[in-house]
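So you can see what is in the structure, the chains are spelled out below.
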Amino acid sequence: MIDAVDGVHIELESIVPLGNQAMPILEVHDCEHESFARRLDEHDAVASVVAIDQSEDIATYAVEWSADLDSFYQALSDHHASILKAIKDGGQWEFDLRFPSHESLSAFHDQINEDEIRLDVRRVSRSNQPELDPQSRLSPAQREALELAISEGYYSIPRTTTTAELGATLGISDQAVVERLRRAMAALGQEYIAASEETLQA
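Anyway, here's the lowdown on the structure attached to this text.

Conventions we followed
- Residues numbered from 1 in each chain as written.
- Predicted model: local features only at pLDDT ≥ 70, side-chain atom pairs only at ≥ 80, totals over all residues.
- Heavy atoms only, no water.
- Helix = DSSP H or I, 4+ residues; strand = E, 2+ residues; numbered from the N terminus.
- Salt bridge = Lys/Arg side-chain N within 4 Å of Asp/Glu carboxyl O.
- Buried < 20%, exposed > 50% of the residue type's maximum accessible area, 1.4 Å probe, protein only.
- Expected span 1.5 Å × (residues − 1).
- Arc of directions from axis to C-beta.
- Polar contact = N/O pair within 3.5 Å; in protein donor to acceptor, adjacent residues only side chain to side chain.
- Axes fitted to C-alpha atoms, helices over the stretch in contact; angles between N-to-C directions.
- Parallel < 35°, antiparallel > 145°, perpendicular 65-115°, else oblique.
- Left-handed = near helix turned anticlockwise from the far one by under 90°.
- Contact = heavy atoms within 4.5 Å.
- Nonpolar A, V, L, I, M, F, W, Y, C, P; charged D, E, K, R; others polar.
- Core = buried A, V, L, I, M, F, W, Y, C linked by side-chain atoms within 4.5 Å.

## Concerning unusual backbone geometry
Here's step 1: Cis geometry marks the peptide bond from isoleucine 157 to proline 158; its omega dihedral reads -5°.
Here's step 2: Examined against the element boundaries, proline 158 turns out to sit in the loop between α4 (140-151) and α5 (163-170).
Here's step 3: One non-glycine residue, histidine 80, lies in positive phi territory at about 55°.
Here's step 4: Counting through the fold element by element, histidine 80 comes out in the loop between α2 (71-78) and β5 (82-89).
Here's step 5: Positive phi, close to 60°, is recorded for glutamate 116, a residue that is not glycine.
Here's step 6: As for its position among the elements, glutamate 116 is in the loop between α3 (102-114) and α4.

Structural data, given as structure tokens:
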């Protein structure tokens, strides 16, 4: 299912396990929503696609999905991996994964190679926490919005721009700007807290 729709920015909100099925909650950005839902619903592993929330630029979907028919997710489940982050930007997915041991990671890698799933590993961390990298938690869209907001003085006192003006520059609605900035700040806040906890435990 992860390759069912190309050229769309997707963020995985969560996965709700339902026995041999799973229900991913997907946040989809800047696409024709009805076409996206229809294309996704045509995938063999997908039983249904339900729109939870929808605005002009962002829509949230619950996808009823048979995990047994998705070899990538099945490999994650077989080796007890947790998905910390999943973002699809254009034609590729980017995952942050956590495994209970190096042995389970190696077994997962062997299994997806057997299933002929292409996976490029960029970084492996042996700590209990994923490597702390503020950029790693931000999607490209969130980073773009945050950088523009800072450069244009949205966080200055007094403010020298508005979300409507930022949206006009980015080509999205002001509500979409607010949502991207909110998620970016939440991600950076979580990163700061995790770093603080790691420092205190060291």
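## Examining the pattern of salt bridges
Here's step 1: For the coordinates displayed, the defined rule picks out 6 salt bridges.
Here's step 2: When the shortest N-O distance is used, the salt bridge between aspartate 120 and arginine 118 registers 3.5 Å. Exposure class is identical for aspartate 120 and arginine 118. Each is exposed.
Here's step 3: One salt bridge connects glutamate 179 with arginine 183, and the closest N-O pair in it is separated by 3.1 Å. On the criterion of helical spacing, the pair formed by glutamate 179 and arginine 183 is a turn pair, its members being 4 residues apart in helix α6 (residues 174-201). The residues glutamate 179 and arginine 183 share a single accessibility class, namely buried.
Here's step 4: Here the residues in one salt-bridge network are Glu27, Glu179, Arg182 and Arg183, joined through shared partners.

## Focus: α4
Here's step 1: Between its terminal C-alpha atoms α4 stretches 16 Å, which fits the 16 Å expected from 12 residues at 1.5 Å a residue.
Here's step 2: What α4 keeps buried is the set Ala141, Gln142, Ala145, Leu146, Leu148 and Ala149. Seen from one end, α4 has its buried residues packed into an arc of 165°, which puts them on one side. Projecting away from the buried face of α4 at angles above 90 degrees are the exposed residues Ile150 and Ser151.
Here's step 3: In the segment just after α4, glycine 153 is the residue with positive phi, at about 85°.

## Thoughts on the side chain of histidine 9
Here's step 1: Note that histidine 9 resides in strand β1 (residues 9-18).
Here's step 2: Given the relative accessible area of 8%, histidine 9 is considered buried.
Here's step 3: Side chain to side chain, histidine 9 and glutamate 11 meet in a polar contact 3.0 Å long.

## Some words on the packing of α4 against α5
Here's step 1: As a packed pair, α4 and α5 sit with axes 11 Å apart at the nearest point and diverge in direction by 125°. In terms of their interaxial angle, α4 and α5 are classed as oblique. Along this stretch, α4 crosses α5, giving a crossing that reads as right-handed. Taking contact as the criterion, the partners of Glu144, Ala145, Leu148 and Ala149 in α4 are, on α5, Leu166, Thr169 and Leu170.
Here's step 2: Its residues assigned to classes, the contact of α4 with α5 comprises 5 nonpolar, 1 polar and 1 charged.

## Let's talk about the nonpolar core
Here's step 1: The biggest cluster of nonpolar side chains holds 17 residues, and the ones touching the most others in it are Leu26, Val28, Phe36, Tyr61 and Val63.
Here's step 2: Secondary structure elements with two or more residues in this core: β1, β2 (21-29), α1 (33-41) and β4 (58-66).
Here's step 3: Here this core gets 4 residues from one element, more than from any other, and that element is β4.
Here's step 4: Excluding its chain neighbours within four sequence positions, the residues that come into contact with valine 28 are Val8, His9, Ile10, His33, Phe36, Asp57, Ile58, Ala59 and Tyr61.
Here's step 5: Counting residues in hydrophobic clusters, the runner-up holds 14 residues, among them Ala145, Ala149, Leu166 and Ala187.

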